[in-house]
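Here are the chains, one letter per residue:
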Amino acid sequence: MRSSNPVFSRRGFSRDAGYAGFNAQQPQAGGPAVGTNPYATGTPYAEGSTNPYATNPYAPQDTLGAPQPVRANVMTIDDVVSRTAMTLGTVVLTAVLAWTLLPVDAANLGKSYGIGIGAALVALVLSLVQSFKRKPSPALIIGYAAFEGVFLGVISAAVSAHIGGAVVTQAVLGTMAVFAGVLIAYKLGWIRVNRRFYGFVMAAAMGFMLLMVANLLFSVFGGGDGLGFRSGGLGILFGVVGVILGACFLALDFKQVEDGVAYGAPREEAWLAAFGLTMTLVWIYLEMLRLLSILQGDD
């Protein structure tokens, strides 16, 4: 099963028998492989799925009680934290610069919006390029964070100009609260990421995205707010749903990071973990900003 996050979509970490999935059990002569599930291909949350890092030369080997080699150059939680701090720091820095240097007053509104939308498109392209690359590229990831920050800075400045700076602060604090809450719930075992959880989240996310695309098309060709999914009562409802989906994506990302560390993923994978977490946090922030804007009267 693939992660909802495109960064992790081609990387599945799984829990097999033996040393955390590094060594699959050998099949019996003339019979099926022991501990394998024919329906679990590519599904990190199903038993018996394979470990993509089984051929990692740094992975421990179970060779008749031989001493285990020292694992080196593998991803750790510290690596993920440091890379995530770099990407989020870049987002915050460029957002502050955009807010400061790109005013959203009447004289400069069109120009600032144009730069913001252009930055969002560049960030989208960079994220897609990275998502289809087999290996992480720190330059692409940092570039994505930089352009995404410009977009967030312009949008945040515009919302602040219409409603007040407090809404942006509230959205940031709300995003941090969601992150902390999901992390605590995940570590305490209140959230169990399994096949059923994954299927539910993916189905809900697909439905949500389809409705948002339909709303956008109706607003472009019909004017106004389209089907009304992003304003008024429906806007509040879908804003809450968007934040909840973002929280679910965080749980999926935490599971991917946890399994990657357990299975000795290469250290470079920490960049992908940081990339995925950054995208999810950006999603939550935008949904939180929209929700708070509606609640405070920006229809």
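See the structure above.
The shown structure was predicted, so the numbers you read here are calculated from the model rather than taken from an experiment.

*Asks:* Explain helix 6 (residues 232-262) to me, and be specific about the residues and the numbers.
*Replies:* End to end, helix 6 covers 45 Å across 31 residues, agreeing with the expected 45 Å (1.5 Å per residue, within 8%). Of the residues one or two after helix 6, G264 is the one with positive phi, at around 70°.

*Asks:* Can you lay out the nonpolar core for me, pointing to particular residues and giving the numbers?
*Replies:* If you look at the biggest cluster of nonpolar residues, it comprises 46 residues, and the most contacted ones within it are V178 and L250. The element that contributes the greatest number of residues to this core is helix 7 (residues 269-295), accounting for 13 residues. Ignoring anything within four residues of it in the chain, the contact list for V178 reads V243, A247, L250, I284 and M288. Formed by five residues, the second largest nonpolar core is a distinct cluster that contains A98, L102, V150 and V154.

*Asks:* I'd like to hear about the packing of aromatic side chains, residue by residue, with values.
*Replies:* Per the counting criterion, the structure on display carries six aromatic pairs. A centroid spacing of 5.6 Å and a plane angle of 80° characterise the contact between F179 and F254, whose relative ring orientation is edge-to-face. With F179 in helix 4 (residues 166-187) and F254 in helix 6, this pair connects stretches of sequence that are 75 residues apart. Given a relative accessible area of 28%, F179 falls into the partly exposed group. A connected cluster of aromatic rings, assembled from ring pairs, spans F208, F238, F249 and W283.

*Asks:* For a nonpolar patch on the surface, give the residues involved together with the corresponding values.
*Replies:* The grouping of Y113, I117, L121, L124, L128 and F132 at the surface amounts to a nonpolar patch, some 630 Å² of accessible area in total. Inspection of the secondary structure puts L128 in helix 2 (residues 109-132). When its relative accessible area of 44% is taken as the criterion, L128 is described as partly exposed.

*Asks:* Can you lay out the packing of helix 3 (residues 138-163) against helix 7 for me, pointing to particular residues and giving the numbers?
*Replies:* Where helix 3 meets helix 7, the closest approach of the two axes is 11 Å, and the angle between their N-to-C directions is 10°. The angle between helix 3 and helix 7 places the two elements in the roughly parallel class. Listed contacts from helix 7 to P138, I141, I142, Y144, E148, F151, L152, I155, S156, V159 and I163 of helix 3 are W271, L272, F275, T278, M279, V282, Y285, L286, L289 and S293. Along the lines of polarity and charge, the residues of the contact of helix 3 with helix 7 split into 17 nonpolar, three polar and one charged.

*Asks:* Can you explain the pattern of salt bridges? Please cite residues and give values.
*Replies:* In the structure shown here, the tally under the stated rule is three salt bridges. Salt-bridge contacts for R83 lead to D79; the nearest nitrogen and oxygen are separated by 3.7 Å. Of this pair, R83 and D79 both sit in helix 1 (residues 77-101), separated by four residues, roughly a single helical turn. The exposure class assigned to R83 is buried, which follows from its relative accessible area of 19%. By relative accessible area, which is 9% here, D79 ends up buried. A salt bridge links K255 to D259, with the nearest nitrogen and oxygen atoms 3.5 Å apart. Of this pair, K255 and D259 both sit in helix 6, four residues apart, roughly one helical turn. Overlapping salt bridges, with partners in common, bring together D79, R83 and R267 in one network.

*Asks:* Describe the layout of surface pockets, naming the residues involved and giving the relevant values.
*Replies:* The space that makes up the second largest pocket amounts to roughly 770 Å³. Together, 28 residues line the second largest pocket, and T84, L88, T175, F179 and L281 are the ones closest to its centre. Broken down by element, the residue count for the lining of the second largest pocket peaks at 10 residues, all from helix 1. For the lining of the second largest pocket, the residue count by class is 22 nonpolar, four polar and two charged.

*Asks:* Which residues make up the packing of helix 2 against helix 7, and what values do they have?
*Replies:* Where helix 2 meets helix 7, the closest approach of the two axes is 12 Å, and the angle between their N-to-C directions is 140°. One finds that helix 2 runs oblique with respect to helix 7. Helix 2 and helix 7 meet at a crossing whose hand is left-handed. Here helix 2 contributes S127, Q130 and S131 to the contact with helix 7, which in turn contributes L272, F275 and M279. Tallied by class, residues from the contact of helix 2 with helix 7 come to three nonpolar, three polar and no charged.

*Asks:* Describe the environment of L277, naming the residues involved and giving the relevant values.
*Replies:* For L277, the position within the fold is in helix 7. Placed 197 residues apart in sequence, L277 and V80 show a C-alpha to C-alpha distance of 9.6 Å.

*Asks:* How would you explain the environment of F218 if you had to name every residue and give the values?
*Replies:* Relative to the helices and strands, F218 resides in helix 5 (residues 195-222). On the basis of relative accessible area, F218 is assigned to the partly exposed category, the value being 48%.

Calculation rules
The numbers attached to residues start from 1 for each chain and follow its sequence in the written order. Owing to the predicted nature of the model, reporting of local features is limited to residues with pLDDT of at least 70; listing and counting of side-chain atom pairs is limited to 80 or more, with chain, interface and lining totals taken over all residues. Values reported for side chains reflect all heavy atoms of the structure, with hydrogen atoms and water molecules removed beforehand. In DSSP terms, a helix is any run of H or I states spanning at least four residues, a strand is any run of E spanning at least two, and both are numbered starting from the N terminus. What a helix should span is 1.5 Å times the count of its residues minus one. For the purposes of this section, nonpolar cores are sets of buried Ala, Val, Leu, Ile, Met, Phe, Trp, Tyr and Cys residues that join through side-chain atoms within 4.5 Å. Partly exposed residues are those whose accessible area sits between 20% and 50% of the maximum for their type, while under 20% is buried and over 50% is exposed, using a 1.4 Å probe and protein chains only. Should any heavy atoms of two residues lie within 4.5 Å, those residues are counted as being in contact. We call Phe, Tyr and Trp rings a pair once their centres come within 6.5 Å, taking the six-membered ring for Trp, and we label the pair stacked below 30 degrees between planes, edge-to-face above 60, and tilted otherwise. Surface patches are defined over residues having more than 30% relative accessible area and no salt bridge, joining like charges when they lie within 9 Å and nonpolar side chains (Val, Leu, Ile, Met, Phe, Trp, Tyr) when within 5 Å. Where accessible areas are quoted, they stem from the Shrake-Rupley method and a 1.4 Å probe; at the residue level, only the protein chains shown are allowed to cover. Any carboxyl oxygen of Asp or Glu within 4 Å of a side-chain nitrogen of Lys or Arg constitutes a salt bridge here. For every element, the axis is a line fit to its C-alpha atoms; helices are fit only across the contacting stretch, and the angle between N-to-C directions ranges from 0 to 180 degrees. An angle below 35 degrees is treated as roughly parallel, one above 145 as roughly antiparallel, one from 65 to 115 as roughly perpendicular, and anything else as oblique. The residue classification treats Ala, Val, Leu, Ile, Met, Phe, Trp, Tyr, Cys and Pro as nonpolar and Asp, Glu, Lys and Arg as charged. All others, Gly included, are polar. A 1.4 Å probe that fits into a set of points on a 1 Å grid over the protein atoms alone but cannot get out defines a cavity; an open set with protein on both sides within 12 Å along at least five of seven lines defines a pocket, and lining residues are those with an atom within 4 Å of a point. Grid points are joined across faces, edges and corners, and a volume is the space filled by probe spheres set on the points. Left-handed describes a crossing whose near helix is turned anticlockwise from the far helix by less than a right angle; the clockwise case is right-handed.

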